[in-house]
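# Architecture and fold: a report
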Amino acid sequence: MMRGQAWLALLVVVALALADAAAGRFVVEKNSLEVTSPDELKGKYECAIGNFGVPQYGGTLHGWVEYPKSNRKACQSFDQFDISFKPKQAGGRPIFVLVDRGECFFTTKAWNAQNAGAAAVLVVDDKSEPLITMDNPEEGKEHLENITIPSVLITKKLGENLKKSAENGDMLSVLLDWRESLPHPDERVEYEFWTNSNDECGPKCDMQMDFVRSFRGTAQILEKKGYTQFTPHYITWYCPEAFVDSKQCKSQCINHGRYCAPDPDQDFSQGYDGRNVVVQNLHQICVFKIANETGKPWLWWDYVHDFALRCPMKDKKYNNDCAHDVIKSLGLDIENINKCVGDPEADVENEILKAEQDAQIGHGKRGDVTILPTLVINNKQYRGKLDKVAVLKAICSGFEETTEPAICLSEEIQTNECLENNGGCWLDKANNVTACKDTFRGRVCECPIVRGVKFVGDGYTHCEASGVGRCEISNGGCWQETKDGKTISACSNEISEGCKCPMGFKGDGEKSCEDIDECQEKLYCQCKGCSCKNTWGSYECSCGDDNMLYMREHDTCISKEGTATTVGWSFLWVIFFGLVFAGVGAYAVYKYRLRSYMDSEIRAIMAQYMPLDNQEGANQHQVVHANDI
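Residues numbered from 1 in each chain as written. Predicted model: local features only at pLDDT ≥ 70, side-chain atom pairs only at ≥ 80, totals over all residues. Heavy atoms only, no water.

Going by this rule: UniProt positions are given in the numbering used here, feature names are shortened, and annotations may be inferred rather than shown by experiment.
Looking at an unreviewed UniProt entry, one finds the protein chain named Vacuolar-sorting receptor 1, with Zea mays as its source organism. Here is the UniProt Sequence similarities (unreviewed entry) comment for the protein chain, exactly as written: "Belongs to the VSR (BP-80) family."

What follows is the structure, given as structure tokens:
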């Protein structure tokens, strides 16, 4: 009976695989491998990223390649052969191990190489075929979670060339480059997590929940601040139509065989069934949907975390009642979530689960999702260990350069390249102003903005302050000097850039400004009897006679007494003539207004005794108009 049940479960999987093959495809995620020596092999090649270990997303790794003389398939510990791949000297370049495919799991090869001190593993394919993805074995091993070095699969042709070169004694140097493995188009990263609510599927289920627990806080911070857009997804199968009414399909599927999940303990006669998993997957999707509609999509992490703690299968609490208790504790609308879940017994499509099946099929460059769990970052599938730091590195590599959040620039995640030699960028030591800006992928040399003042230049050899306020920072890069308590500068906030020596000085304005001797160059103070004295940035001119006053704007000397008398009489004459003109004007206005007033009074008196021409015409008009009535 168990053999027949296993056969049916396999048939369900095959049906799914055939459907996927017709509608989509699996995409092998790759990174770049560059051979930097020897010369005859120089060039860039593609390699497939292993789905274990920690690929250095957003970074590079440069090392020497060694092809061991023994244990070339790395299926045994290298200690048995007294082989070590640790650098001979401290700080030496890392060593990559070139191993052959076959005889044992890919993860076993990586684990043995890591224990021997290797920094990365290059697995040579034993077939001339397109690159494939190296995955974890179905039966989990304890060492899987402890693999921290990256592993890649290379083609048989490239591998044979590398092995031949190594056997000839050539120095093999290779650069592994993951900088373009994930797209990084803008300042927000969009990522998906394909997971499962099943907690009895062995090491993979444990790995998923460990990741949720450790990454939850980080994910919520990124989501709340708008740095990321996260969406959870769940893989479901369907039952072949011919077996829809069978006991096995009914135990694994809901909605009349449309949505299925494998039995958690692979025993159809006891414990929880696959249909229970589908229903709880559906609850988790609906929690995200309702939380997202209320502007709090990050509550999904709390629900999944709390459900795993409060409703485990081993305690017989993996059911709807426990799920509803968790939902209520998070303040979510239970009625809306129940409406979203719908009726699992109905012979109809469930819109939510149908959308999940459609999303599983690859679109564009993403490819089908067939490995569980899977992270999809900026529409590319993540490969490697499902670990907090490793995943955060991958997400950080998805941001456009210089737009990364602060968490991506922490020491735990990346190395600050501006700390060593200022990254080769421009630096103003006096004011501690630098053009080096740390990024997740490395650094950029970009003239900064300091206290609202923008610096302009190439960022490597030159940056100078520009615009309003520039003179407040390093004096705008211009000359400045102080003498006798007086400071003079060649920087002016009235112009956005450049330096110009002020009046009384000459020079380039940047390195120096020299005082102009106006007296020696006879630019001013050339009047008869004038005496000239040069000062810093100006001059002083005086007249030889104490009774004389120097007029700078006219470059002349005039008598102090004559000036005072002339000024006094001129002032009096101005007042006198002003009063005269004012009196004449007032009298003219008075005469005009008086005459007008008298004319109007006389006309009024005369109108009482004799009609005027215009008045008579007006009266006649009134009479005629009256007769018409």
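### Thoughts on the pairing of strand β26 (residues 538-543)
Here is the rule: With a 1.4 Å probe rolled over the protein chains alone, any residue whose accessible area is under 20% of its type maximum counts as buried; one over 50% counts as exposed, and the rest are partly exposed. Secondary structure follows DSSP: runs of H or I at least 4 residues long count as helices, runs of E at least 2 residues long count as strands, and numbering of each begins at the N terminus. A pair of strands is labelled paired if DSSP reports no fewer than 2 bridges between them.
Residues of β26 alternate between two faces, with Tyr539, Cys541 and Cys543 buried on one and Ser538, Glu540 and Ser542 left unburied on the opposite face. Pairing of strand β25 (residues 530-535) with β26, which is carried by six bridges, proceeds in the antiparallel orientation. Looking across to β26, one finds that Asn534 is bridged to Tyr539. Counting the residues that bridge the hairpin from β25 to β26 gives two residues, and of these Gly537 lies at a positive phi of roughly 85°.

### Observations regarding the state of the cysteines
The criterion, for reference: For the purposes of this analysis, a disulfide is any pair of cysteine sulfur atoms at a distance within 2.5 Å.
Going through the model one piece at a time under the given rule, you end up with 17 disulfides. Note on cysteine connectivity: Cys418 is disulfide-linked to Cys436, with sulfurs 2.0 Å apart. Between Cys418 and Cys436 the sulfur-sulfur dihedral comes to about -85°; the bridge is accordingly left-handed. Taken together, the residues Cys418 in the loop between α11 (388-396) and β14 (427-428) and Cys436 in strand β16 (residues 436-438) connect sequence positions 18 residues apart. The two residues Cys418 and Cys436 agree in class, both being buried. For Cys471, the disulfide goes to Cys491, at an S-S distance of 2.1 Å. Its S-S torsion of approximately -85° makes the covalent link between Cys471 and Cys491 left-handed. One end of the pair, Cys471, is in the loop between β20 (463-466) and β21 (480-483); the other, Cys491, is in the loop between β22 (486-489) and β23 (505-506), with 20 residues separating them in the sequence. With respect to burial, Cys471 and Cys491 carry one shared label: buried.

### Some points on helix α6 (residues 274-293)
Where we set the bar: To estimate the expected span of a helix, count its residues, drop one, and scale the result by 1.5 Å.
Counted at 1.5 Å a residue, the expected span for α6 with its 20 residues is 28 Å, and the 29 Å between its end C-alpha atoms agrees. Across the 20 residues that make up α6, a large majority, 16, are buried. Phi for Gly295, located one or two positions after α6, is positive at around 80°.

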